[in-house]
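Here's the letter readout for the chains.
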Amino acid sequence: MSETTRNGATPLVQLAPDAMTPIPRGPLPILPSRPSKMIDLTVDGRAVSVPEGATLIEATRRLSIDTPTLCFLENLTPVNVCRICVVELEGSRALVPSCSRKAEAGMKVLTDSERVRLSRRMVLELLASSVDVSTAPQFQEYMRRYGAHPERFGAAAAPANEGERDAAVPGRHHTGHGHSAATAASVAQPVKVDNDLYVRDYGKCILCYKCVEACGEDAQNTFAIAVAGRGFDARISTEYNVPLTESACVYCGNCIGVCPTGALMFKSEFDMRAAGTWNETAQTQTNTICPYCGVGCTLTVHVQADKIVKVTSPMEQPVTNGHLCIKGRFGWEWVNQR
Amino acid sequence: MDLHFTSEQATPQEQAIVDAQVARMRGDIPQRSYLLPVLIAIQQRVGWISPGGLNYASNVLGVPPADVYGVADFYALLSTKAQALNVAHICDDIACANRGGAALCAAMEAALGPAGAGEATTWHHSPCLGLCEHAPAALVARAGETASSMLLPRATTGPLLAILAGAEPVRLPIETSLPQFGDASLKLLRRIGHVDPFSLTDYERSGGFAALRRAFEMGADAVMREVEASKLAGRGGAAFPAGAKWRSVLANPGPRYLVCNADESEPGTFKDRAVMEGDPYAVIEAMILAAFTTGCELGFLYLRGEYPLAHQYLSYAIEQCRAQDWLGANIQGSGFLFDIELRSGAGAYICGEETAMLNSIEGYRGEPRNKPPFPTQVGLFGKPTVINNVETLINIPGIVLEGGAAYAAIGTERSTGTKLYCVSGDVSRPGVYEAAFGITLRELLTLAGGVVGNLQAVLLGGAAGGFVTPEQLDTPLTFEGCRTAGATLGSAVVMPFNDQTDLRQVLLRIAAFFRDESCGQCVPCRVGVVRQQELLQRLSASAPIGDVASERALLKELGQAMRDASICALGHTASSAAESALSKFAIFQPR
């Protein structure tokens, strides 16, 4: 290993890499100096210190407070759109999203006040009254925790026909004519099945933006999908809603990896669920290293009845933070050919 | 970036349109910020954003096609589906609906078929077009090689159909929007109707650019001190002190940008339109003053897409100012460098929210950003940015010439200066009024010729505002006075409704407005405004879930969550009109 950096200077401090840090080829970069300044704040009356630059959610986690999140993921840039992680900050008129609000010295934060609980419950009720959350166990756990009753907004309106939501025009006036006000509008619609690897069931989409981020700058840099439309008609879409097979999609499946509700699902899992054979309690999960190339991504192989049913990757794994490529994610069908 | 495209190719026409836009790009800002201008140009000439045209624009600007589609599909005035070339947008919002707007929609339906149908000519319902003093308003967009669009006052069926077919509209002189026209005490409105909006000479002869010359003599520090002394508060709705905002921007390292928020679209608001159509050079001078004081080299004037006449005047005024050395590298030999980019919106109320506006200028969907960081620190292209409303800015020349202290002596202790009020609805002489802060609601309504019929309620602040009762007419129309009355001055909408108005219909229209205009980014607003609309529909139909009391409790919870947990002011205020109406009027009592 070289003693000098790329520009030839001798580094002042050469920190030894810890076991979790991948050893790069070539000279070691100078690791950024560890943040020395700590920020002191109060969360639910308890003092806590976090490094400068840390967010409020990190402060709550240091105190073992379980802050609910939907659109937040450690390996993605916070978009703070779901608003379930909001907390009450003394001096702030509105609640603030803990996933992205930076901690500042002297902040006084409440994570379980009446206002916080109301907003969290309302976020859950608004989503659950408009989106199918049946394959989102964590979401259902949050609903129990906050006592959410989405049914108080009325029975769900009839599902949209195929392509109907994709054809919505922004700003085009919803007078409410033509549908009964006694029903609650929802995003229910037919599943999009346009390839053999994964399905897009946007009736389960809570519009957390995670798939767009994973497809774009936060992981894959493919940009096959974006948020289109506006308001309640906003949706994840390819350009002009073309099938994935005509889009820029490279089938890395990183969108599936980050989807919190099962809206994006392996075709294998989707078909087994449809057939009634999907049974997670009968599945094993085994970590291994992807055999395809030298990057060395960790694969978690989900096996049911001696067959691989899907492959995920742990977000904590340091090589690609849970992101994979098409080979690691989907290149296991041949194993099942026995 | 390696982009993937579908097989659709652009026509030579589409290529030429995009290329012409690209040819005028500045080199010092990211080229993505030309995405919306490119899309608008395609829309105006071709009538829609075709897959081939989108692919070409995407390739030239280096923005992925799915991303471009997401942007194009965000704006109401852009169409991602082939549609008729000639389109009428008919306002059926709260000021127009009862003054012929709803009837005009019905007439259009009879003549052209349902909204959106029609091969060559079609029509759509529109949110407020900012022409409330001449209700009903319509916006006509005729696409093609000789594209044109125009805002029509007092629209009626016959002439509207003729204009859709190519006839030229009749314009009302701008002074018809100013009932106080000729009053010598007017300050902000003094030039409107007296000068030719095209003429720089007229502007200079009527005192134009005197303030800028004075500012160059005083120096930026002195101007800043006068603005702070004036206690000028922002006129866009939030009433933030302009001096504090400027000081904060100046404290951050450059480059800095200036954005003039001319995306006036709060229902019932039309003051900035009148200013831009009547005195466009005043807006330019005020922008130069603001930029000089805060050290900005480039300004963006973001004009709502529904104001074609203002666009024509402002665009000409900018050209004239460049030619006459009022914009450019060394303005009047002062050594100060500043230029203005005129940018159009494309039909999105949310883009009037300052951070949504920044995203829109940058070529992204007009979704608000989370604050902090505030635009004064991290604004346009990530740089410190001053964002001021048109009306806020046009107060600056007077402050420079007469001094901050003299300005602060006008109005009240906490609301200084004069204010432009947008008076429409059931009133004898609707229009833009200028009065010193402190005028009461009763006095303003009297100035406007009084209420037509028996007053039932007054909406203050627009759809994002609240109602006051006839008992509250002595409310001073100041920021603090309106707050005390349980309302908000907001963008100074003053809209009285008489007892012939069904307030339930007004609330339903406001609820539809928020549903149509929510950007959809955050959950509380995206779904909350839909649930609010459904709830009001149930109450209107006397079909509550539970009873009226439980529905009111539900609305209160919805409002609380939208105020507390939404990202921006749209969600924060989406329930305020409904909540104020329900608390003050017995409109949904069981029959």
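Residues numbered from 1 in each chain as written. Chains lettered and ligands numbered in written order. Predicted model: local features only at pLDDT ≥ 70, side-chain atom pairs only at ≥ 80, totals over all residues. Heavy atoms only, no water.

(A) Region of interest: the sheet that holds strand 13 (residues 493-498) of chain B. Residues and elements named next belong to chain B. Taken in spatial order, the five strands line up as 10-9-13-11-12 in an open sheet, and their pairing is mixed. Unpaired on one side and paired on the other, strand 10 (431-436) and strand 12 (466-468) mark the two borders of the sheet. Each adjacent strand pair in this sheet contributes to an overall mean axis angle of 30 degrees, direction not counted. Here five bridges tie strand 11 (residues 455-460) to strand 13, and the two strands are oriented antiparallel to one another. For Leu 455, the partnering residue across the bridge sits in strand 13 and is Asn 498. Seen against the sheet, helix 11 (residues 271-278) touches strand 9 (418-423) and strand 10 and runs at an angle of roughly 110 degrees to strand 9. (Pairing = 2+ DSSP bridges. Helix = DSSP H or I, 4+ residues; strand = E, 2+ residues; numbered from the N terminus. Axes fitted to C-alpha atoms, helices over the stretch in contact; angles between N-to-C directions. Contact = heavy atoms within 4.5 Å.)

(B) Region of the structure containing the interface of chain B and chain A. Each partner contributes to the interface: chain B provides 61 residues, whereas chain A provides 64 residues. Summing the contributions of chain B and of chain A, the shared interface buries around 5,200 Å²; its carbon and sulfur component is 56%. By the criterion of area lost to chain A, the three top residues of chain B are B:Tyr69, B:Arg531 and B:Asp564, representing 12% of everything that side buries. On the surface where chain B and chain A come into contact, there are five salt bridges. A salt bridge links A:Arg115 to B:Asp564; the nearest nitrogen and oxygen atoms lie 2.6 Å apart. Along the contact surface separating chain B from chain A lie 28 residue pairs in polar contact (both at pLDDT 80 or more). Examining the composition of the side of chain B that touches chain A, we find that eleven residues originate from one element, helix 21 (residues 523-540) of chain B, more than from any other. Residues of the side of chain B that touches chain A, tallied by class, amount to 26 nonpolar, 18 polar and 17 charged. (Buried area = accessible area lost by both parts, 1.4 Å probe. Salt bridge = Lys/Arg side-chain N within 4 Å of Asp/Glu carboxyl O. Polar contact = N/O pair within 3.5 Å; in protein donor to acceptor, adjacent residues only side chain to side chain. Nonpolar A, V, L, I, M, F, W, Y, C, P; charged D, E, K, R; others polar.)

(C) Broad picture of helix 2 (residues 35-46) of chain B. All names here are of chain B. For helix 2, built from twelve residues, the straight-helix expectation of 16 Å at 1.5 Å per residue is met to within 8% by its first-to-last C-alpha distance of 16 Å. All of the buried residues in helix 2 are Leu 35, Leu 36, Pro 37, Val 38, Leu 39, Ile 40, Ala 41, Ile 42, Gln 43 and Val 46. Packing partners of the buried residues in helix 2 comprise helix 1 (12-23), helix 3 (51-61), helix 4 (65-72), strand 6 (298-303), strand 7 (339-344) and helix 14 (354-361). One or two positions beyond helix 2, positive phi appears at Gly 47, with a value near 95 degrees. (Expected span 1.5 Å × (residues − 1). Buried < 20%, exposed > 50% of the residue type's maximum accessible area, 1.4 Å probe, protein only.)

(D) Looking closely at the state of the cysteines. Residue and element names in this part refer to chain B. Scanning the model with the defined rule gives zero disulfides over all chains in all. The structure places no disulfide on Cys 351, whose sulfur is separated from the nearest cysteine sulfur, that of Cys 519, by 9.1 Å. Its relative accessible area of 1% is what places Cys 351 among the buried residues. Here Cys 482 is not disulfide-linked; the sulfur of Cys 422 is the nearest cysteine sulfur, at 13 Å. On the basis of relative accessibility, which here comes to 0%, the residue Cys 482 falls in the buried class. (Disulfide = S-S within 2.5 Å.)

(E) Seen up close, the domain arrangement of chain A. All names here are of chain A. Examined at the domain level, chain A breaks down into domain 1 (38-117), domain 2 (125-156) and domain 3 (187-336). For domain 1 versus domain 2, the distance between C-alpha centres works out to 23 Å. Contacts between domain 1 and domain 2 engage six residues on the former and five residues on the latter. Taking both sides of the interface into account, the surface hidden between domain 1 and domain 2 amounts to around 610 Å²; carbon and sulfur atoms contribute 56%. Counting the surface domain 1 buries against domain 2, the share from its top three residues, Pro 68, Leu 70 and Arg 117, is 63%. Our count for the contact surface shared by domain 1 and domain 2 stands at one salt bridge. (Domains from an automatic or database assignment.)

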